[in-house]
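This is what each chain is made of:
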Number of protein chains: 2
Amino acid sequence: MAGKPSIPKGTRDFSPNVLGKRNHIFDTIRSVYSLYGYMPIETPAMELMETLTGKYGDEGDKLLFRVLNSGDFLKGVEDDVLQQRAIQSMAPKIADKGLRYDLTIPFARYVVQHRNDITMPFKRYQLQPVWRADRPQKGRYREFFQCDADVIGSTSLTNELELIQMIDEVFSRLDVAVHIRVNNRKILYGVAEVAGLADQFYPFTIAIDKLDKIGVDGVAAELKSLGCREDMISRITQFVGMKGDNSEQMAAITSLVSESEIGMKGVDEMNELLQYHHLNGTRNALMVDITLARGLNYYTGTIFEVNATDVAMGSLCGGGRYDDLTGVFGMPGLSGVGISFGADRIYDVMEELQKFGAIDPIRPQVLLINFGGDDMIYSLNALFHLRKKGVASELYPDAAKIKKQMTYADARKIPFVVLAGEQERAKSCYTIKNMQSGEQQTVDLDGLVEMLS
Amino acid sequence: MAGKPSIPKGTRDFSPNVLGKRNHIFDTIRSVYSLYGYMPIETPAMELMETLTGKYGDEGDKLLFRVLNSGDFLKGVEDDVLQQRAIQSMAPKIADKGLRYDLTIPFARYVVQHRNDITMPFKRYQLQPVWRADRPQKGRYREFFQCDADVIGSTSLTNELELIQMIDEVFSRLDVAVHIRVNNRKILYGVAEVAGLADQFYPFTIAIDKLDKIGVDGVAAELKSLGCREDMISRITQFVGMKGDNSEQMAAITSLVSESEIGMKGVDEMNELLQYHHLNGTRNALMVDITLARGLNYYTGTIFEVNATDVAMGSLCGGGRYDDLTGVFGMPGLSGVGISFGADRIYDVMEELQKFGAIDPIRPQVLLINFGGDDMIYSLNALFHLRKKGVASELYPDAAKIKKQMTYADARKIPFVVLAGEQERAKSCYTIKNMQSGEQQTVDLDGLVEMLS
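Everything quoted here is computed from the prediction, not taken from an experiment.

Asks: What is the right way to look at the overall build of chain A in this model?
Replies: Tallying secondary structure elements over chain A gives 18 helices and 16 strands in all. On C-alpha atoms alone, chain A measures out to a radius of gyration of 29 Å, which is more than a quarter above the 22 Å that the 2.2 N^0.38 rule sets for 453 residues. Oriented by its inertia axes, the alpha-carbon framework of chain A measures out at about 95 × 65 × 45 Å. Counting across all 453 residues of chain A, residues that qualify as buried make up 57%. Residue pairs in contact within chain A that sit at least 24 positions apart in sequence constitute 68% of those at least 6 positions apart.

Asks: I'm lost on the pairing of strand β11 (residues 336-342) of chain B in this one. Help?
Replies: Successive side chains on a regular strand alternate, one facing one side of the sheet and the next facing the other. Residues and elements named next belong to chain B. Judged by how many residues are buried, β11 sits mostly within the fold: 5 of 7 residues are covered. Bridge count for strand β6 (residues 143-152) against β11 is 7 bridges, and the pairing is antiparallel. Among the inter-strand pairings, Q146 is bridged to a residue of β11, identified as G342. Of the pairings in the sheet, the one linking strand β10 (residues 317-322) to β11 comprises 6 bridges and is antiparallel in character. From the neighbouring strand, G318 faces β11, where its bridge partner is S340.

Asks: What should I look at first to understand the pattern of salt bridges in this one?
Replies: Residues and elements named next belong to chain A. Counting across every chain of the model gives 60 salt bridges over all chains. Where D134 meets R140, a salt bridge forms, and the shortest distance between an N and an O atom there is 3.6 Å. Between R181 and E305 there is a salt bridge, and its shortest N-O distance comes to 3.1 Å. Taken together, the residues span a long stretch of sequence, with R181 in strand β7 (residues 178-184) and E305 in strand β9 (residues 302-308) at a distance of 124 residues.

Asks: Sorry if this is basic, but what is going on with unusual backbone geometry here?
Replies: Across residues other than glycine, the phi torsion is negative in most instances, and most of the peptide bonds are trans. A cis amide bond, omega -10°, links M120 of chain A with the succeeding residue P121 of chain A. The backbone of R85 of chain B shows a phi angle near 50°, a positive value even though the residue is not glycine. Relative to the assigned elements, R85 of chain B resides in the loop between α4 (79-83) and α5 (87-94). In this structure, S428 of chain B is a non-glycine residue whose phi angle is positive, near 50°. Looking at the element boundaries, S428 of chain B is found in the loop between α17 (422-426) and β15 (430-434).

Asks: In this structure, what is going on with the relation of the copies chain A and chain B? I would like to understand it.
Replies: The relation between the two copies of this chain is a rotation about an axis and a shift parallel to it. Mapping chain A onto chain B calls for a rotation angle of 180° and an axial translation of 0.0 Å; the resulting RMSD is 0.1 Å. Both copies of the chain, as the preceding transformation shows, are related through a two-fold rotation axis. Ranked by how close their C-alpha atoms come to the rotation axis, the residues of chain A are headed by V67 of chain A, at 2.2 Å. Most of the interface of chain A is mirrored in chain B: 99% of its interface residues are interface residues there too.

Asks: Help me out: how do you make sense of the domain arrangement of chain A in this one?
Replies: It is common to give the size of an interface as the accessible area lost on bringing the parts into contact. If you check the domain split of chain A, you get domain 1 (178-309) and domain 2 (366-452). Of note, the centres of domain 1 of chain A and domain 2 of chain A, computed from C-alpha atoms alone, are 63 Å apart.

Asks: Explain the confidence of the model for chain A here, please?
Replies: In low-pLDDT segments, the atomic positions of the prediction should not be examined closely. Averaged over every residue, the pLDDT of chain A is 93; residues scoring 70 or more account for 100%. The ipTM, which scores confidence in the relative placement of chains, is 0.93 for this predicted complex, and the corresponding pTM is 0.94.

Asks: Please explain the packing of helix α10 (residues 211-226) of chain B against helix α11 (residues 230-237) of chain B as it appears in this structure.
Replies: The description of two packed helices rests on the angle between their axes and on the distance between the axes. Residues and elements named next belong to chain B. Two elements in contact, α10 and α11, have axes whose closest approach is 10 Å; the angle formed by their N-to-C orientations is 150°. With respect to the hand of their crossing, α10 and α11 are arranged in right-handed fashion. Contacts from V216, A220, L223 and K224 in α10 reach E230, I233, I236 and T237 in α11. The residue inventory of the contact of α10 with α11, partitioned by class, reads 5 nonpolar, 1 polar and 2 charged.

Asks: How should helix α8 (residues 185-194) of chain A be read in this particular structure?
Replies: Owing to its 3.6 residues per turn, the α-helix brings residues three or four apart onto one side. All names here are of chain A. When you tally the buried positions in α8, you get 8 out of 10 residues, the bulk of the element. Here the buried face of α8 lies against β7, α9 (201-209), α11 (230-237), α12 (246-257), α13 (261-280) and β9. Backbone nitrogen of K186 and a side-chain oxygen of the N-cap are separated by 2.8 Å at the start of α8; the cap is N184. Count one or two residues on from α8 and you reach G196, which has phi positive near 75°.

Asks: Please explain the interface of chain A and chain B as it appears in this structure.
Replies: Contact with chain A, which involves 99 residues of that partner, is made by 98 residues of chain B. Taken together, the two surfaces of chain A and chain B that pack against each other cover about 8800 Å², and 64% of this comes from carbon and sulfur. For the pair chain A and chain B, the interface holds 8 salt bridges. Residue E162 of chain A is joined to R387 of chain B by a salt bridge in which the shortest nitrogen-to-oxygen separation is 2.7 Å.

Asks: Just to check I follow, could you spell out the environment of G227 of chain B for this structure?
Replies: Residues and elements named next belong to chain B. On the secondary structure map, G227 appears in the loop between α10 and α11. The exposure class of G227 is partly exposed, given its relative accessible area of 47%. Among all residues touching G227, those that are not within four sequence positions of it are A195 and L197.

Asks: Is there a simple way to think about the nonpolar core in this case?
Replies: Inside soluble globular proteins, nonpolar side chains tend to come together where they are buried. With 122 residues, the main nonpolar core has Y33, F171, F204, I339 and F341 of chain A as its most contacted residues. Apart from residues no more than four positions distant in its own chain, I339 of chain A is found in contact with Y33, C147, D148, A149, L163, M166, I167, F304, C317, G318 and G319 of chain A. By size, the runner-up hydrophobic cluster in this structure holds 121 residues, among which are Y33, A108, C147 and I167 of chain B.

Asks: Sorry if this is basic, but what is going on with the sheet that holds strand β16 (residues 440-443) of chain B here?
Replies: Within a beta sheet, neighbouring strands are joined by backbone hydrogen bonds and run either parallel or antiparallel to one another. All names here are of chain B. Overall, mixed pairing links the 5 strands, which are arranged β13-β12-β14-β15-β16 in an open sheet. Strands with a single pairing partner mark the edges of an open sheet, and in this sheet they are β13 (393-395) and β16. Going across the sheet, the axis of each strand differs from the next one's by a mean of 25°, ignoring polarity. Summarising the sheet, strand β14 (residues 416-419) and β15 pair through 4 bridges and their orientation is antiparallel. Across the sheet, the residue bridging to L419 is T431, located in β15. Contacting β12 (366-368), β13 and β15, helix α15 (residues 373-388) runs over the sheet at an angle of about 165° to β13.

Asks: Help me understand the side chain of E169 of chain B, please; the structure alone is not making it clear to me.
Replies: Residue and element names in this part refer to chain B. As for its position among the elements, E169 is in helix α7 (residues 158-174). A residue is classified by how much of its surface remains accessible, and E169, at 16% relative accessible area, is buried. Setting aside residues up to four positions removed in sequence, E169 forms contacts with V32 and R283.

Asks: It is not clear to me how the sheet that holds β11 of chain B should be interpreted in this structure. Could you clarify?
Replies: All names here are of chain B. Strand order in the open sheet formed by 8 strands is β1-β5-β6-β11-β10-β9-β7-β8, and the pairing between neighbours is mixed. Strands at the two margins of the open sheet, each flanked by one partner only, are β1 (39-40) and β8 (286-288). Inspection of the sheet shows β1 paired to strand β5 (residues 122-131) by 2 bridges, in the parallel sense. Looking at β5, one finds that P40 is bridged to Y125. Against the sheet, helix α13 (residues 261-280) touches β7 (178-184), β8 and β9 (299-308), its axis set at about 145° to β7.

Parameters and conventions
- Residues numbered from 1 in each chain as written.
- Chains lettered and ligands numbered in written order.
- Predicted model: local features only at pLDDT ≥ 70, side-chain atom pairs only at ≥ 80, totals over all residues.
- Heavy atoms only, no water.
- Helix = DSSP H or I, 4+ residues; strand = E, 2+ residues; numbered from the N terminus.
- Rg over C-alpha atoms; globule rule 2.2 N^0.38 Å.
- Buried < 20%, exposed > 50% of the residue type's maximum accessible area, 1.4 Å probe, protein only.
- Contact = heavy atoms within 4.5 Å.
- Pairing = 2+ DSSP bridges.
- Salt bridge = Lys/Arg side-chain N within 4 Å of Asp/Glu carboxyl O.
- Least-squares fit on C-alpha atoms with pLDDT ≥ 70 in both.
- Domains from an automatic or database assignment.
- pLDDT = per-residue confidence, 0-100.
- Axes fitted to C-alpha atoms, helices over the stretch in contact; angles between N-to-C directions.
- Left-handed = near helix turned anticlockwise from the far one by under 90°.
- Nonpolar A, V, L, I, M, F, W, Y, C, P; charged D, E, K, R; others polar.
- Polar contact = N/O pair within 3.5 Å; in protein donor to acceptor, adjacent residues only side chain to side chain.
- Buried area = accessible area lost by both parts, 1.4 Å probe.
- Core = buried A, V, L, I, M, F, W, Y, C linked by side-chain atoms within 4.5 Å.

Right, dumping it as structure tokens:
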């Protein structure tokens, strides 16, 4: 092999230091999910292509990674398909499996497949990597982790409340200030309806969703091109950057959609959710935002999105309610609501805000210096004892020069080293050095355990 | 989509109950690895095919899962290759990435790629899934987890000792009795040498390795077909099922290979390792076994294999020393030694021995029954308080019939339910029911927290 080995673009190796910080994020999310009664599941990295295709729109389908069939992968491919290089009709024949693109569709597939073993409502969480053949760029990877929680089989808005509280709890524990924006797709539908765009609801939401990218004027232009009533365009865009607390927002929204039955259903849902939210509040602000749309077609009720207050970065968490996620797998009418944390973006925000300072690096507590021969045997006995007492510890494996061994302890940020040569051995004691202060002490084995525990 | 959705053959979904038990195994391995000073890394699921191919033998190459290139995957494929359906030369062109097959080659690639950021000796562990296009059968999956620990950059036999102690510690914590078999590839080479098979060392080890499958007579026949000296065949096969402790085994081995310099080097290494082992011993027996070969070509020194004492099952853990794993990536002469636990087989053994009894199922501690309206609000306040105190808890989201809610608590094995209706609300108290004993008590909010903490 020529040159240094490498990995596919858009993928990453995680070194111990980075992994320590990432695991802090995962552990936090996992423990909050558990606290709220959610249960973990895991699904395979590969799904059948028939499970994946057609679920993420045409753009999504193009971003699916397909896995080549084993053996003679050309078996089912006709000659003319080969000759014409018809990759569209060839792909499904040579690759019937693909890597999962998100955790939502595998969850829907799981629920339908295991319906007889599941007690509804089913609260599940799932922390696993997903793969997308996106063009890699800063903050966008081809392999990244999603951290999802969903509850399926219940329409109660206490579920939405719970998800908001979980978001608040996770970011509080991570010490990252966020604002949690909330909207309801029924309200958006009501707006579309009064704007004369009911039959173009999906393009309407896509236009609204582009606000961050194309600004108010851009959205206004898109609405106009969809055929939006002129007077409604300004009534809609007035909500951009609208000041005022949630009750003022709700008053304005109510007046906007008052003539839409579905819109008013959305207003009722939002008011009920806000009422529950008032019972206990959240440390991070919950903000009603009618300009929040979420591009995904399957949302039908409450939708959420979370942004860092102090760092410009895409959303750190998002989600919403869907009324029929499992219908596509033959189990219609099951309502659910869920959220997904983007661990990679949260990591980047925490790095930028220097929030990892308090996380202990992953490393043993002590290194025993190796002087070889009987001295090594003497140190080995201390090592066995320390580990038995639960102290993460190691002996430098070779009797290398002390300087080299000390450099190793330094590089790995090991806080203590133990030196035990002939002198120590004669007195049945150990010299322990604090690597930060340089302070040295001579103690017996029990003292050593005590200092390091 | 017609019929029930499913997943690719050889892959699995993991439900909360199974995951609870699996995580117990992973957590145990992870905490033992940490205790011994090993550091976690993670590598991407996809590696470049040039990293993977040629590392696992011809058979292994066939079992690699390839990932189809995105976009026009036929771009680099010539017409005649298509016409001739030349899948061998086509595959590398349409799929330049593949799923990792084990954790050893990605680790070697990682070490070489990040050589400037790594302090040697480097002790790493890695718990991640791997993928093999093997024919699925009982206990053999296409996606399964490996749990590896390796130390690279040190030739000291204290590393081998440490790995043996880690194996012993993991199985002790899991309460699974095992025997740890140990051999040295240099001893095997010595045997091959005195048997006149030095130039056929690899086929020789493959023959020995088949002992479990083809028995003593089968091995004898294979050795004969390799051209093994007649008198040596019986001298080699006498070791099968040989009784006697490690020092008796070593005496017999020493006499067998005494004329091979490399063989005697292996004997010296084994004796040194046994000397270290005697310092502290292990709870599970360490057994010298000259018939242990391990098929993999890259092992050059000590080799290990672990089997359950009370269940007939393939090896639960294996490993060994390699002198030149990174050479293939342009970094020769780096010696390392490692082990790999097979979590799936350990799971099966523990199920068979019913060793999961003491593992708490994953579920919240308490379910608050939902009576709707003001009663629900009253229960919500208790829920907020319980969670703030760290009690994993949930409110049934809908005001369904009590029977349905109790059935839900039963099905999820939630140990306590809280009932708070108008009566409780009037007295600012809660009725808590132990689901196992059926016992009920009425307590205030503090009492509730206390009972559930």
